[in-house]
Amino acid sequence: MKPAIGLLAALAASIGGAAAFDVNCNSNYASYYGQNSARNQKALGEYCKDATEDVIVLAFMNGFPNILLNFANACETTFEGSSLLHCPDMAKDIKYCQSQGKAVILSMGGASGAYGFSGDSDAIAFADTVWNMFFKGKAEQRPFDDAVLDGIDLDIEGGSGAGYPAFINQLRTHFASDSSKKYYIAAAPQCPFPDSYLGTTLNSAWFDMVYVQFYNNYCGVNAYPTWFNFGDWDNWAKTKSINKDVKVFIGVPGSPSAASSGYVDGATLTSIYNSVRSKYSSLGGIMTWDVSQARTSGLSGSIRAALDAGGTCKHDGGGSTTSAPSSTSTSTSTSTSTSSAPYSTTSISTTTSTTSPSEPTSTTSASCPVSGAPCTGSTQGCNGQKFAICNSGSWYTGSCPPGTSCYLNGNAAVCDWPNGRSTDACAVSGGGAALSKRQDFAKVSLITRPNLRPKPANAKGSRPTRVEFVAGDIVDNKYSMVVKIQSNK
């Protein structure tokens, strides 16, 4: 058994509460939290009142090295004069979850976002920033105040692979400086082997856990046993991984509406898990996207029962009865920055919300952001059909997909359909305004569950497009969150 996670966890274990997370088990259950996928996401602490999950993965840091955080309704407040989220309620819940023996880690990336490193020096510097803002370092603004996370997860689904091994190595150097607790590095590759974005990094850096997404692909659990390829990942773990004891998780959707394809019921998943457990020693357990979906569908209970019945580390089935900290995160807004399940196609998200809609606001500037030109802070901007992000003191610009234009939505630059609006030709974020929200329903018909595929549809203004959906967001035959607009590139 690994050392308890912090003093509170040790105390909880000593008085009969939940035992601390042990990465060496093959019966661990990890689940993502923060994107309100089922539209009924509770405060984080509510999911830690029982022994169901072992690892909570906070999703997402969807922008870096200029940090952007998105936890949907779990946190919607920012530091004064900044677009950086400040989440005191989540901070209390993180510490509560850790006191119940659970590991809480932060996921970087996601299916859409503005992230990536220019090179090793950029990545190393950002590892220092992450240590200071989320772990035992010191920073003026810490999104989770004095809460100290247990690790980092890389869900990289776009951009260059540059810098990630250097980032991990530098972060592990910081981890080694703190002997008071165990820290973890995780990744969430797609099941096709090798992963197109993380393949090189997985072979070049240390990982403790790998949450393979066995869904939305030909090699998912729904293709078991014909195309299901856990064996490829077990072979990687034993022959190519730097850490030969790395644990590989079976990643699945938490419900039929949590992914385009790949959902299987509890009985089927139990059978697959037992088969994998009997063949592959690298198995670490099961991962779900996401906790709101898995709890709503009941799959999480089936998973916990299967893991306890056949795994190497069994729960007592209880969990502490200590009351979780109260939280004010009770709104019902959904995430706008990432899909409910990662996709491998090149795409860009729209900006939508289930809160009261309002049109995006812009702050214009006399000069357009130009690639390589100087900029300050974490500002973002637009230059016609190009978006701009201030990265280490200079503008980085990228082109919006064909047919879309750049608009400022509060402090964020987004690519969206014009829908009669004028393009924000020369605009830079003001650096302090709250992110405004808007709705842009896409009405569709003849959508069948559970296997939702990208469909032609008409966005607001009858603009033809091709989108992917989250079935849980159906409202009166309209989807309140357009997850992704597929690029024609």
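Within each chain, residues carry numbers counting from 1 in the order of the written sequence. With the structure being a predicted model, the display of local features is reserved for residues of pLDDT at least 70 and the display and counting of side-chain atom pairs for 80 or more, all residues being used for whole-chain, interface and lining totals. Side-chain metrics rest on all non-hydrogen atoms present in the structure, leaving aside hydrogens and water.

With that settled, consider unusual backbone geometry. Proline 65 follows phenylalanine 64 through a cis peptide bond whose omega is 10°. As for its position among the elements, proline 65 is in the loop between β2 (55-64) and β3 (68-69). Residue tryptophan 289 is joined to aspartate 290 through a cis peptide bond whose omega torsion reads -20°. Strands here mean DSSP runs of E at least two residues long; helices mean DSSP runs of H or I at least four residues long; both are numbered from the N terminus. Here aspartate 290 lies in the loop between β10 (283-289) and α8 (291-297). Phi is positive for arginine 39, which is not a glycine, with a value near 65°. Relative to the helices and strands, arginine 39 is located in the loop between β1 (28-33) and β2. On the basis of relative accessible area, arginine 39 is assigned to the partly exposed category, the value being 28%. A positive phi is found at alanine 72, a non-glycine position, where the angle reads about 50°. Summarising the element assignment, alanine 72 is placed in the loop between β3 and α2 (88-99). Using a 1.4 Å probe on the protein chains alone, a residue whose accessible area is under 20% of its type maximum counts as buried, one over 50% counts as exposed, and one in between counts as partly exposed. With relative accessibility at 6%, the residue alanine 72 sits in the buried group.

On to the pattern of salt bridges. Throughout this description, the term salt bridge denotes a Lys or Arg side-chain nitrogen within 4 Å of a carboxyl oxygen of Asp or Glu. Counted according to the given criterion, the structure contains nine salt bridges. Its salt-bridge partner being arginine 295, residue glutamate 53 comes within 2.7 Å of it at the nearest N-O pair. One end of the pair, glutamate 53, is in the loop between β1 and β2; the other, arginine 295, is in helix α8, and 242 residues separate them in sequence. A residue is classified by how much of its surface remains accessible, and glutamate 53, at 1% relative accessible area, is buried. Across the pair aspartate 54 and arginine 304 runs a salt bridge, and its minimum N-O distance is 2.9 Å. Taken together, the residues span a long stretch of sequence, with aspartate 54 in the loop between β1 and β2 and arginine 304 in helix α9 (residues 299-310) at a distance of 250 residues. This pair shows no difference in class: aspartate 54 is buried, exactly as arginine 304 is. Residues joined in a network through salt bridges with shared partners are Asp50, Glu53 and Arg295.

Our next topic: the state of the cysteines. A pair of sulfur atoms, both from cysteines and within 2.5 Å, is called a disulfide here. Going through the model one piece at a time under the given rule, you end up with five disulfides. Residue cysteine 48 pairs covalently with cysteine 97 via a disulfide, S to S 1.9 Å. One disulfide, between cysteine 48 and cysteine 97, carries an S-S torsion of 90° and so falls in the right-handed class. Here cysteine 48 is found in the loop between β1 and β2, whereas its partner cysteine 97 is found in helix α2, with 49 residues between them in sequence. Under the relative-accessibility criterion, cysteine 97 is labelled buried at 0%. The disulfide partner of cysteine 191 is cysteine 219, and the gap between their sulfur atoms is 2.0 Å.

Burial analysis of strand β4 (residues 103-110) places eight of its eight residues in the buried class, which makes it a mostly covered element. Strands pair, by our definition, only if DSSP identifies at least two bridges between them. As judged from the six bridges shared by β2 and β4, these two strands associate in the parallel manner. The residue of β4 that forms the bridge with isoleucine 56 is valine 104. As defined by bridge partners, β4 adjoins strand β6 (residues 151-156) across six bridges and the pair is classed as parallel. Bridging from a neighbouring strand, methionine 108 pairs with leucine 154 of β6.

What follows concerns the environment of leucine 44. Along the chain, leucine 44 turns up in the loop between β1 and β2. Separated by 247 residues in sequence, leucine 44 and valine 291 place their C-alpha atoms 9.8 Å apart.

Time to look at α2. Over its 12 residues, α2 runs 17 Å from end to end, which matches the ideal 16 Å to within 8%, given 1.5 Å per residue. The element α2 is extensively covered by neighbouring structure, given that nine of its 12 residues are classed as buried. Along α2, the positions that sit buried rather than exposed are Asp89, Met90, Ala91, Asp93, Ile94, Tyr96, Cys97, Gln98 and Ser99. Phi turns positive one or two residues past the end of α2, at glycine 101, with a value near 85°. To estimate the expected span of a helix, subtract one from its residue number and multiply by 1.5 Å.

Core analysis: the largest hydrophobic core is formed by 83 residues, its most contacted members being Leu58, Phe71, Phe134, Phe135, Phe144 and Phe167. Top element by residues in this core is helix α3 (residues 120-134). It accounts for seven residues. In contact with phenylalanine 135, other than residues within four places in its own chain, are Val130, Arg142, Val148, Leu149, Asp150, Gly151, Ile152, Leu171, Phe175 and Tyr183. Among the nonpolar cores identified, the runner-up in size contains 21 residues, and Val55, Phe60, Tyr211 and Met287 belong to it. By nonpolar core is meant a set of buried Ala, Val, Leu, Ile, Met, Phe, Trp, Tyr and Cys residues that side-chain atoms within 4.5 Å join together. Contact between two residues is taken to exist if any of their heavy atoms lie within 4.5 Å; hydrogens are not considered.

Interpretation note: all reported values are geometric properties and have no functional meaning in isolation.
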